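Here's the letter readout for the chains.
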Amino acid sequence: MTLIAAIDQGTTSTRCMLFDEQAHPVASAQREHRQIHPQPGWVEHDANEIWRNTERVIREALERAGAVGRIAAVGITNQRETVVFWDRRTGEPLGNALVWQDTRTRELCDTLAAQCGDAWFRTRTGLPVTAYFSAPKIRWALQHSAELAAAARAGHARCGTMESWLVWKLTGGLHISDVTNASRTLLMNLDTLDWDDELLDLFGVPRSMLPRIVPNSLPGGYGQTLVRGPFARAVPICGLAGDQQAALVGQRCFAKGDAKNTYGTGCFLLVNAGQERPRSQHGLLVTAAYQLDGQLTYALEGSVAVAGALVQWLRDNLGLISESAEIEALAGAVPDNGGVHVVPAFSGLFAPHWDAAARGLIIGLTHQSDRRHIARAALEAVAFQVADVVNAVERDLGFAMELLRVDGGMVVNDLLMQLQADLLGKPVQRPDDVESTALGAALLAGMAAQVYGDTATLRGRRQAARSWTPRIDGAQRDQRRRAWNQAVTRAKGWLE
């Protein structure tokens with residue numbers, strides 16, 4: 001049996017999944033890594049810890065499936081925007097990775113936005129200038145690490161998003177980045193699909209540090225894994241994509257207007273916008289969806305910073321629950337939120353608001369409020385945020401989406417899915433395999449290895465496991481959205 005290996009390097013853990021010729025999961029292994037917070041708003045990862053975990057989960061998955069020698073190709077997907085620095089001579093990191101959630105560059109981004117104008121950045125990259133993206137993090141690191149700056153001047157420093165780091169380690173020195181990850185750095189020109197010299201100059205990033213940009217799926221592969229590496233043989237790496245674009249592929253969203261939302265640490269809605277570059281007038285990102293057979297497909301994206309992380313916060317910081325899975329029963333113990341709203345703007349608000357000065361709040365408390373109402377309000381906060389982004393997408397596209405396809409760890413929560421359908425006013429559809437991110441990486445690699453056929457074949461095989469339809473009417477939906485919008489307004493602009 002031929003197998004495809006998918007490495008899914010996420011914000012909180014790294015996983016390897018093996019898929020058979022029908023793209024069904026065969027075996028998997030997963031390990032968490034530390035979240036490092038040197039200061040409030042700073043988030044870092046140990047790149048070596050992530051690499052060690054990657055080696056372990058590959059070996060564990062291969063052992064569980066008895067699959068050594070049967071892997072036809074490898075696909076890699078990763079947390080986007082997180083940037084790693086290393087020395088090309090040693091392959092050792094030059095400091096911790098700076099994570100997409102990190103907000104230390106907020107003031108720098110405000111200065112650049114005032115200096116150049118937000119439209120200047122959007123025209124070149126499809127993105128606003130915010131701390132979310134990689135380029136400000138690279139500039140900060142070069143300014144604050146003497147070791148990195150010296151290595152960069154000598155031409156020895158390399159940097160890249162997580163897939164670049166893993167490819168370098170797996171192959172022993174191949175330095176590449178796929179177009180979807182490159183499109184999230186704020187350094188790639190979305191029209192030329194190459195690093196933009198004006199942006200490199202503005203952020204002070206030497207081109208020599210950066211990887212070569214490649215498509216998302218490549219027959220024959222970009223390079224092969226080391227024989228002495230975790231696969232114990234030379235296996236072609238044939239597919240690369242940022243996690244949200246991989247999930248778009250995993251949900252088979254190959255037609256214009258197809259959309260998916262992934263519920264993980266944050267929420268990420270991507271809609272296939274076709275092969276003509278769209279323009280957003282409603283606070284959305286324009287980004288690369290995937291590049292296959294030499295043709296780039298664009299996506300509109302709405303990013304929600306805090307989703308599953310809110311449940312973890314209720315567990316770890318407030319102690320309202322002892323396990324994340326408990327929130328569904330707790331929230332379901334009351335018929336509504338009792339007037340309570342939670343706005344989880346822990347490090348600002350992402351799409352469609354883009355307010356880095358916003359901060360979180362719990363509002364609407366009365367003597368009757370208890371932890372059940374807070375738990376329900378937390379689930380509703382996730383669904384409200386997604387509904388805000390869906391509405392922005394529909395205004396940009398000029399037509400209403402028929403349904404929302406969902407995946408990610410939170411979609412096992414049936415109450416959340418019903419709340420989402422209610423607040424959207426449209427069906428929500430969950431697939432058999434909710435881990436669409438890893439599946440997407442496998443499909444990209446498997447298409448290149450001629451295991452899975454083409455996009456038309458894959459789209460025809462898409463099946464939903466369960467759907468939810470709205471249970472409230474338009475008047476109720478509008479009333480609940482108005483209350484949510486009032487809460488969001490109060491959270492905005494909190495920082496002076």
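To keep things clear, this report deals only with the structure shown in the data block. (Residues numbered from 1 in each chain as written. Predicted model: local features only at pLDDT ≥ 70, side-chain atom pairs only at ≥ 80, totals over all residues. Heavy atoms only, no water.)

Section: the overall build of the chain
For step 1, the next point in the chain: Summing up its helical and strand segments, the chain has 16 helices and 23 strands in all.
For step 2, the next point in the chain: Against the compact-globule benchmark of 23 Å for 496 residues, the chain has a radius of gyration of 22 Å, which places it among compact chains.
For step 3, the next point in the chain: Projected onto the principal axes, the alpha-carbon positions of the chain cover approximately 65 × 55 × 45 Å.
For step 4, the next point in the chain: Counting the 496 residues in the chain, one finds 62% classified as buried. (Helix = DSSP H or I, 4+ residues; strand = E, 2+ residues; numbered from the N terminus. Rg over C-alpha atoms; globule rule 2.2 N^0.38 Å. Buried < 20%, exposed > 50% of the residue type's maximum accessible area, 1.4 Å probe, protein only.)

Comments concerning a nonpolar patch on the surface
For step 1, the next point in the chain: A surface patch of nonpolar side chains, amounting to about 240 Å² of accessible area, comprises Leu318, Ile362 and Leu365.
For step 2, the next point in the chain: You can see Leu318 is positioned in the loop between α10 (308-316) and α11 (327-331).
For step 3, the next point in the chain: Look at Leu318 and you get partly exposed, because its relative accessible area is 39%. (Patch = residues over 30% accessible without salt bridge, like charges linked within 9 Å, V, L, I, M, F, W, Y side chains within 5 Å. Areas by Shrake-Rupley, 256 points an atom, 1.4 Å probe, with all protein chains shown as cover. Salt bridge = Lys/Arg side-chain N within 4 Å of Asp/Glu carboxyl O.)

Some thoughts on the pairing of strand β8 (residues 157-161)
For step 1, the next point in the chain: A large share of β8 lies buried, amounting to five of its five residues.
For step 2, the next point in the chain: The alternating pattern of β8 places Ala157, Cys159 and Thr161 on one face and Arg158 and Gly160 on the opposite face, and all of these are buried.
For step 3, the next point in the chain: Sheet topology places strand β6 (residues 83-87) next to β8; five bridges connect them, and they run antiparallel. Considered in β8, the bridge of Asp87 is made with Ala157. (Pairing = 2+ DSSP bridges.)

Section: the sheet that holds strand β1 (residues 3-9)
For step 1, the next point in the chain: On the basis of which strands lie adjacent, the open sheet formed by six strands has the order β3-β2-β1-β5-β14-β13 and mixed pairing. The two strands at the open ends of the sheet, each matched to only one other strand, are β3 (25-32) and β13 (223-224).
For step 2, the next point in the chain: Where helix α6 (residues 162-171) meets the sheet, it contacts β1, β5 (71-78), β13 and β14 (236-242), and its direction lies at approximately 145° from that of β5.
For step 3, the next point in the chain: Lying over the sheet, helix α14 (residues 436-448) contacts β1, β2 (13-19), β5 and β14, oriented at roughly 135° with respect to β1. (Contact = heavy atoms within 4.5 Å. Axes fitted to C-alpha atoms, helices over the stretch in contact; angles between N-to-C directions.)

A short note on helix α9 (residues 243-250)
For step 1, the next point in the chain: For α9, the tally of buried residues reaches eight of eight residues, placing the bulk of the element in the interior.
For step 2, the next point in the chain: If you check which residues of α9 are buried, you get Asp243, Gln244, Gln245, Ala246, Ala247, Leu248, Val249 and Gly250.
For step 3, the next point in the chain: Looking one or two residues past α9, Arg252 carries a phi angle of roughly 55°, positive in sign.

Details of the packing of helix α12 (residues 371-397) against helix α13 (residues 414-424)
Each pair of packed helices gets described by two things: the angle between the helix axes and the distance between those axes.
For step 1, the next point in the chain: It is the contact of α12 with α13, at a shortest axis distance of 9 Å, that shows an interaxial angle of 40°. When the interaxial angle is binned, α12 and α13 end up oblique. Once α12 is placed against α13, the crossing between them reads as right-handed. Of α13, the residues touching α12 (which contributes Arg376, Leu379, Glu380, Val382, Ala383, Phe384, Val386, Ala387 and Val390) are Leu415, Leu416, Leu419, Gln420, Leu423 and Leu424.
For step 2, the next point in the chain: Residue classes in the contact of α12 with α13 are distributed as 12 nonpolar, one polar and two charged. (Parallel < 35°, antiparallel > 145°, perpendicular 65-115°, else oblique. Left-handed = near helix turned anticlockwise from the far one by under 90°. Nonpolar A, V, L, I, M, F, W, Y, C, P; charged D, E, K, R; others polar.)

Here's the deal with the layout of surface pockets
For step 1, the next point in the chain: The computed volume of the largest pocket comes to approximately 1,100 Å³.
For step 2, the next point in the chain: If you go around the largest pocket, you meet 40 residues; those closest to its centre are Tyr263, Gly264, Thr265, Gly409 and Met410.
For step 3, the next point in the chain: The calculated volume of the second largest pocket comes to roughly 810 Å³.
For step 4, the next point in the chain: Lining the second largest pocket are 29 residues, and of these His37, Val43, Gln101, Ala309 and Phe346 lie nearest its centre.
For step 5, the next point in the chain: Listing elements by their share of the lining of the second largest pocket, those giving two or more residues are α2 (106-116) and α10. (1 Å grid on protein atoms, 1.4 Å probe; cavity = no way out; pocket = protein on both sides within 12 Å on 5 of 7 lines; lining within 4 Å. Points joined across faces, edges and corners; volume = space filled by probe spheres on them.)

Section: the nonpolar core
For step 1, the next point in the chain: The biggest cluster of nonpolar side chains holds 112 residues, and the ones touching the most others in it are Phe85, Leu187, Phe203, Tyr263 and Val343.
For step 2, the next point in the chain: Looking at this core, the element that brings in the most residues is α12, giving 16 residues.
For step 3, the next point in the chain: Membership of the second largest hydrophobic core comes to 35 residues, among which are Ile7, Trp86, Val167 and Tyr222. (Core = buried A, V, L, I, M, F, W, Y, C linked by side-chain atoms within 4.5 Å.)

A word on the pairing of β5
For step 1, the next point in the chain: Burial analysis of β5 places seven of its eight residues in the buried class, the great majority of the element.
For step 2, the next point in the chain: Taken together, the seven bridges between β1 and β5 define a ladder with parallel strand orientation. For Leu3, the partnering residue across the bridge sits in β5 and is Ile71.

Observations regarding helix α16 (residues 474-491)
For step 1, the next point in the chain: Taking 1.5 Å as the rise per residue, α16 with 18 residues should run 26 Å; its terminal C-alpha atoms sit 26 Å apart, in good agreement.
For step 2, the next point in the chain: What α16 keeps buried is the set Arg477, Arg481, Trp484, Ala487, Val488 and Ala491. Along the long axis of α16, the arc covered by the buried residues comes to 120°, so they all point the same way. With respect to the buried face of α16, the exposed residues turned more than 90 degrees away are Ala475, Arg482, Thr489 and Arg490.
For step 3, the next point in the chain: Residues of α16 that are buried sit in contact with β19 (341-343), β20 (361-363), α12 and α13.
For step 4, the next point in the chain: The residue sitting at the N-terminus of α16 and contributing the capping side-chain oxygen is Asp473; that oxygen lies 3.2 Å from the backbone nitrogen of Ala475. (Expected span 1.5 Å × (residues − 1). Arc of directions from axis to C-beta. Polar contact = N/O pair within 3.5 Å; in protein donor to acceptor, adjacent residues only side chain to side chain.)

A word on empty space enclosed by the protein
For step 1, the next point in the chain: A full pass over the atoms with the stated rule returns two cavities of 30 Å³ or more.
For step 2, the next point in the chain: Forming the boundary of the largest cavity are 15 residues, of which Leu349, Phe350, Ala351, His353 and Gln385 lie nearest the centre.
For step 3, the next point in the chain: Elements with a contribution of two residues or more to the lining of the largest cavity: β18 (295-304), α12 and α16.
For step 4, the next point in the chain: Of the residues belonging to the lining of the largest cavity, the class tally is 10 nonpolar, four polar and one charged.
For step 5, the next point in the chain: Val83, Ser134, Ile138, Cys159, Gly160, Thr161, Ser177, Thr185, Leu187, Trp195, Leu210 and Pro211 are the residues that line the second largest cavity.
For step 6, the next point in the chain: Element by element, the count of residues in the lining of the second largest cavity is highest for β8, at three residues.
For step 7, the next point in the chain: Residues that form the lining of the second largest cavity fall into these classes: seven nonpolar, five polar and no charged.

Observations concerning the side chain of Ser369
For step 1, the next point in the chain: You can see Ser369 is positioned in the loop between β20 and α12.
For step 2, the next point in the chain: We classify Ser369 as buried; its relative accessible area is 19%.
For step 3, the next point in the chain: At 2.9 Å, the side chain of Ser369 forms a polar contact with the backbone nitrogen of Thr366.
For step 4, the next point in the chain: Setting aside its immediate chain neighbours within four residues, Ser369 contacts Val340 and Gly364.

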